[in-house]
Amino acid sequence: ELKVEQNPLFLSMQEGKNYTIYCNYSTTSDRLYWYRQDPGKSLESLFVLLSNGAVKQEGRLMASLDTKARLSTLHITAAVHDLSATYFCAGGPYNTDKLIFGTGTRLQVFP
Amino acid sequence: DGGITQSPKYLFRKEGQNVTLSCEQNLNHDAMYWYRQDPGQGLRLIYYSQIVNDFQKGDIAEGYSVSREKKESFPLTVTSAQKNPTAFYLCASRTSGSYETQYFGPGTRLLVL
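Just so it is clear, the model here is predicted, and its values are computed rather than measured. (Residues numbered from 1 in each chain as written. Chains lettered and ligands numbered in written order. Predicted model: local features only at pLDDT ≥ 70, side-chain atom pairs only at ≥ 80, totals over all residues. Heavy atoms only, no water.)

**Q** I tried to follow the state of the cysteines on my own but got confused; where do I start?
**A** Between two cysteines, a covalent bond joining their sulfur atoms is known as a disulfide. Counted by the stated rule, this structure contains two disulfides over all chains. For Cys23(A), the disulfide goes to Cys89(A), at an S-S distance of 2.0 Å. Negative torsions about the S-S bond denote left-handed disulfides, and the value of about 85° found for Cys23(A) with Cys89(A) makes this one right-handed. Here Cys89(A) lies in strand S9 (residues 85–93) and Cys23(A) lies in strand S3 (residues 19–25), a separation of 66 residues in the sequence. Here Cys23(A) and Cys89(A) have matching classes, each one buried. Each sulfur of the disulfide joining Cys23(B) and Cys91(B) lies 1.8 Å from the other. The chirality of the disulfide connecting Cys23(B) with Cys91(B) is left-handed, given an S-S dihedral of about -70°. Remark: Cys91(B) occurs in strand S9 (residues 87–94) and Cys23(B) occurs in strand S3 (residues 19–25); sequence separation between them is 68 residues. Taken individually, Cys23(B) and Cys91(B) each receive the classification buried, so the pair is uniform in this respect. (Disulfide = S-S within 2.5 Å. Helix = DSSP H or I, 4+ residues; strand = E, 2+ residues; numbered from the N terminus. Buried < 20%, exposed > 50% of the residue type's maximum accessible area, 1.4 Å probe, protein only.)

**Q** Help me understand the interface of chain A and chain B, please; the structure alone is not making it clear to me.
**A** Note: interface size is frequently given as the accessible area lost on complex formation between the parts. Contacts between chain A and chain B engage 20 residues on the former and 25 residues on the latter. Approximately 1,700 Å² of surface area, both sides summed, lies buried where chain A meets chain B, with 53% of it carried by carbon and sulfur atoms. Contact with chain B buries surface across chain A, with Asp97(A), Lys98(A) and Phe101(A) losing the most and accounting together for 32% of the total. In this structure, the connection of chain A to chain B is made through two salt bridges. Where Arg31(A) meets Glu100(B), a salt bridge forms, and the shortest distance between an N and an O atom there is 3.6 Å. Here chain A and chain B share five residue pairs in polar contact (both at pLDDT 80 or more) between them. Looking at the side of chain A that touches chain B, the elements with two or more residues in it are strand S4 (29–37), strand S5 (43–49) and strand S10 (100–101) of chain A. The leading source of residues in the side of chain A that touches chain B is S4(A), at four residues. Per-class residue counts for the side of chain A that touches chain B are nine nonpolar, six polar and five charged. (Contact = heavy atoms within 4.5 Å. Buried area = accessible area lost by both parts, 1.4 Å probe. Salt bridge = Lys/Arg side-chain N within 4 Å of Asp/Glu carboxyl O. Polar contact = N/O pair within 3.5 Å; in protein donor to acceptor, adjacent residues only side chain to side chain. Nonpolar A, V, L, I, M, F, W, Y, C, P; charged D, E, K, R; others polar.)

**Q** Would you mind going over the sheet that holds strand S7 (residues 64–66) of chain B with me for this structure?
**A** Residue and element names in this part refer to chain B. Taken in spatial order, the four strands line up as S1-S3-S8-S7 in an open sheet, and their pairing is antiparallel. Of all the strands in the sheet, just strand S1 (4–7) and S7 have a single pairing partner and so form its edges. Adjacent strand axes in the sheet meet at a mean angle of 20°, parallel and antiparallel pairs treated alike. Two elements, S7 and strand S8 (residues 76–78), share three bridges in a ladder whose sense is antiparallel. Directly across from Tyr-64, in S8, lies its bridge partner Val-78. (Pairing = 2+ DSSP bridges. Axes fitted to C-alpha atoms, helices over the stretch in contact; angles between N-to-C directions.)

**Q** Any chance you could explain the pattern of salt bridges here in plain terms?
**A** Pairing of side chains with opposite charge becomes possible as their charged atoms draw close. All told, the structure shown has seven salt bridges over all chains when counted by the stated rule. Across the salt bridge formed by Asp30(B) and Lys71(B), the nearest N and O atoms sit 3.4 Å from each other. Here Lys71(B) lies in the loop between S7 and S8 and Asp30(B) lies in the loop between S3 and strand S4 (31–37), a separation of 41 residues in the sequence. Each of Arg31(A), Arg94(B) and Glu100(B) takes part in salt bridges that share partners, so that together they form one network.

This is the structure in structure tokens:
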């Protein structure tokens, strides 16, 4: 059964700094997603990663996937306050229609 | 505008009462999902449906029921058998194709009186 773990669970970082959120998954997953959730709000899709070595970038966020290591990363470059949110990764177990979510990383960016 | 709507935004349930959460989408997506989110936690799958008149249990289906009579609609009933229903409920629908992605509605917050 697929399990998804994120770390850190909480990240407080200064504006302008770089940091990486890690997402490990336990068994084969044929797709990996990153979502953003603002407090009290729904989830917003950020990235879909389908193959080994896939890299996607949007603004200050860059996501990558290493299927051999069963690891995805979400890298934040020169953080700004607007990036403060909770970030979830989710894996899709092979040949199913389900998504298994990690517990989320709560990011707080301060001046 | 295409999207997913959920109603109500807040719902209060009394002891022993069944309540129904609405989810509608006009994106022409075949697949729809219901998730539950507890404070500080990730999402857990309750039920999903890949096609009209068919649905499957997710990881935490006990105490919940669904129907899928129309492509656009996937209502969730929280029954009195669900002893701890207080949570944020999110409905999603999925695109098709290589980069299939689940998109989420705004959510319903269920509270027990």
